[in-house]
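Chains, contacts and geometry: an overview
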Amino acid sequence: MSKAFASQADLQDKNITFEQLSAHCWAYTAEGDPNSGVIIGDQYILVSDATATPAMAQDLIRRIRQVSDKPIKYVLLTHYHAVRVLGASAFKAEGATEVIASRGTHDLIVERGAQDMQSEMERFPRLFRGADSVPGLTWPTMVIGDGTPGRQGSLTLDLGGVKVEIWHPGAGHTKGDTIAWVESEKVLFSGDLVEFEAGVYTGDAQLEEWPATLEALRALGAEAIVPGRGEAMKGNADVNKALDYTARWVTTLFQAAREAAAAGMDLKAAMAHTRQKMDPVFGHVFIYEHCLPFDVSRAYDEARGIKHPRIWTAERDQEMWASLQA
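Given the structure is predicted, the values throughout are model-derived calculations rather than measurements. (Residues numbered from 1 in each chain as written. Predicted model: local features only at pLDDT ≥ 70, side-chain atom pairs only at ≥ 80, totals over all residues. Heavy atoms only, no water.)

1. Considering the sheet that holds strand 7 (residues 142-144)
Spatial ordering of the open sheet is given by 1-2-3-4-5-6-7, a layout of seven strands whose pairing is mixed. Both outer strands of the open sheet, strand 1 (17-20) and strand 7, are each paired with one neighbouring strand and no more. Mean inter-strand twist for the sheet, computed between neighbouring axes without regard to direction, equals 20°. Bridge analysis of strand 3 (residues 33-40) against strand 4 (residues 45-48) gives four bridges, and the strand direction is antiparallel. By the bridge assignment for strand 4, Ile39 is matched with Leu46. In the packing of helix 1 (residues 54-65) onto the sheet, the strands contacted are strand 1, strand 2 (25-30), strand 3, strand 4 and strand 5 (72-76), and the crossing angle to strand 4 comes to about 145°. (Pairing = 2+ DSSP bridges. Helix = DSSP H or I, 4+ residues; strand = E, 2+ residues; numbered from the N terminus. Axes fitted to C-alpha atoms, helices over the stretch in contact; angles between N-to-C directions. Contact = heavy atoms within 4.5 Å.)

Next up, the structure:
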């Protein structure tokens, strides 16, 4: 029997936590669902990752308003996936005037934003409740850097009493991944570059470069992290645990794909080979079965020399799923 497509059968609400990590930094997490981060200054608020729809963003806004009435001036897109960005318009009513993204993220919106929007809405019906409230693609008003990794292309925002540095540390989850770093409090908002005890989606990834980007994040010496999925981690040892978890997923996946490609396996055989390596370690985590077919497809492509990820469409999603998850 075929498994339900992606997360179409995942209809149960998750328990949401809104947790203060430091004097100005908060984590909005939900048992393996996409996380958001919040930085509250004396003058302004920044939200990192805006949820999937304006309707879904209302819960995050409500929780912010329980602790601050300051304008939510900045919305950061840590990368471009519809489930992270299409709720951005909800923050305009709360004072948002700037939507920030990297050059690589902007380029991905231009190239595949419309296809990604349709694809993800069909994958995650629970997360896209209120999809009719989405006015269209989310476009940045501030594009930072030129696509070159590193802090030389960073943007520093003063929220009043706290400064936030934003830059592209390197490719990984996508080619445009962007982080927010509150150095004075050692809190890192990583987006989906880092996950913990949840599926690591790699359908648009640069797998070969990802481990080096994780090491660049490790060098910051963070004392807390809001990962893309999974609980917020507190203390440097636990931050490193999340980095290690993500690195293990990425390297195990890509090594299996390389072995499959070298042996001349087709995609279905590559999936079976990868399961032998991944299932015993990761098979228990949130959205594992959702992520793995997309992950194997991308890893197999990259292992065969397809450097730039192919665009996922709703049609390609279904074709791939039927071939791999039957």
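Further notes follow.
2. A few points about the packing of aromatic side chains
Considering all chains together, one arrives at 10 aromatic pairs under this definition. Aromatic ring contacts, followed pair by pair, group Phe196, Tyr245, Trp249, Phe282 and Tyr288 into a single cluster. Taking NZ or CZ as reference, Arg123 lies 3.9 Å from the ring centre of Phe294, over its face. Over the face of the ring belonging to Trp312 we find Arg316, whose NZ or CZ atom lies 3.5 Å from the ring centre. (Phe/Tyr/Trp six-rings, centres within 6.5 Å; stacked < 30°, edge-to-face > 60°. Lys NZ or Arg CZ within 6 Å of the ring centre and 35° of its normal.)

3. Here we look at the pairing of strand 10 (residues 179-182)
As a general feature of sheets, a regular strand has side chains that alternate between the two faces. Residues of strand 10 alternate between two faces, with Ile179 and Trp181 on one and Ala180 and Val182 on the opposite face, all of them buried. Of the strand pairs in this sheet, strand 9 (residues 163-167) and strand 10 are connected by three bridges, and their pairing is antiparallel. Among the inter-strand pairings, Glu165 is bridged to a residue of strand 10, identified as Trp181. Direction of pairing for strand 10 relative to strand 11 (residues 187-195): antiparallel, over a ladder of three bridges. (Buried < 20%, exposed > 50% of the residue type's maximum accessible area, 1.4 Å probe, protein only.)

4. Considering the sheet that holds strand 9
Judged by pairing direction, the sheet is mixed, and its six strands sit side by side in the order 8-9-10-11-12-13 without closing on themselves. Each of the sheet's edge strands pairs with one partner strand only, and the pair in question is strand 8 (155-158) and strand 13 (233-234). Bridge analysis of strand 8 against strand 9 gives four bridges, and the strand direction is antiparallel. Residue pairing across strands places Leu155 opposite Ile166, the latter belonging to strand 9. The sheet strands contacting helix 4 (residues 210-218) are strand 10 and strand 11, and the helix crosses strand 11 at an angle near 165°. The sheet contacts of helix 5 (residues 236-262) involve strand 11, strand 12 (224-229) and strand 13, and relative to strand 11 the element is tilted by about 20°.

5. Brief notes about unusual backbone geometry
The backbone of Glu197 sits at a positive phi, close to 50°, despite the residue not being glycine. Examined against the element boundaries, Glu197 turns out to sit in the loop between strand 11 and helix 4. Here the phi dihedral of Ile287 falls at roughly 50°; this positive angle occurs in a residue that is not glycine. Here Ile287 is to be found in the loop between helix 6 (267-282) and helix 7 (288-303).

6. Things to note about the environment of Ser323
Along the chain, the position of Ser323 falls in helix 8 (residues 314-324). A sequence separation of 30 residues divides Ser323 from Pro293, and the C-alpha atoms of the two residues are 9.4 Å apart. Engagement of the side chain of Ser323 in a polar contact is seen with the backbone oxygen of Met320, the distance being 2.8 Å. (Polar contact = N/O pair within 3.5 Å; in protein donor to acceptor, adjacent residues only side chain to side chain.)

7. Things to note about the pattern of salt bridges
Applying the stated criterion across every chain, the model contains 25 salt bridges. Close ionic contact of Arg151 with Glu165 constitutes a salt bridge, the shortest N to O distance being 2.6 Å. With Arg151 in the loop between strand 7 and strand 8 and Glu165 in strand 9, the pair connects residues that are 14 residues apart, well separated along the chain. Residue classification places Arg151 among the partly exposed residues on the basis of a relative accessible area of 34%. We classify Glu165 as buried; its relative accessible area is 14%. A salt bridge links Glu302 to Arg298; the shortest N-O distance between them is 3.1 Å. (Salt bridge = Lys/Arg side-chain N within 4 Å of Asp/Glu carboxyl O.)

8. Things to note about the pairing of strand 4
On strand 4, burial covers both faces: Ile45 and Val47 on one face and Leu46 and Ser48 on the other are all buried. The loop that links strand 3 with its antiparallel partner strand 4 comprises four residues. As paired elements, strand 4 and strand 5 share four bridges and run parallel to each other. Considered in strand 5, the bridge of Ile45 is made with Ile72. A crossover links strand 4 with its parallel partner strand 5, the connecting element being helix 1, and its sense is right-handed. (Right-handed = clockwise from strand over helix to strand, strands pointing away.)

9. Description of the environment of Tyr201
Tracing the backbone through its elements, the reader meets Tyr201 in the loop between strand 11 and helix 4. For Tyr201, a relative accessible area of 10% corresponds to the buried category. Remark: the alpha-carbon pair of Tyr201 and Glu183, spanning 18 residues in sequence, is separated by 28 Å. Excluding anything up to four places from it in sequence, Tyr201 contacts His81, Arg123, His173, Trp210, Cys291, Phe294, Asp295 and Trp312.

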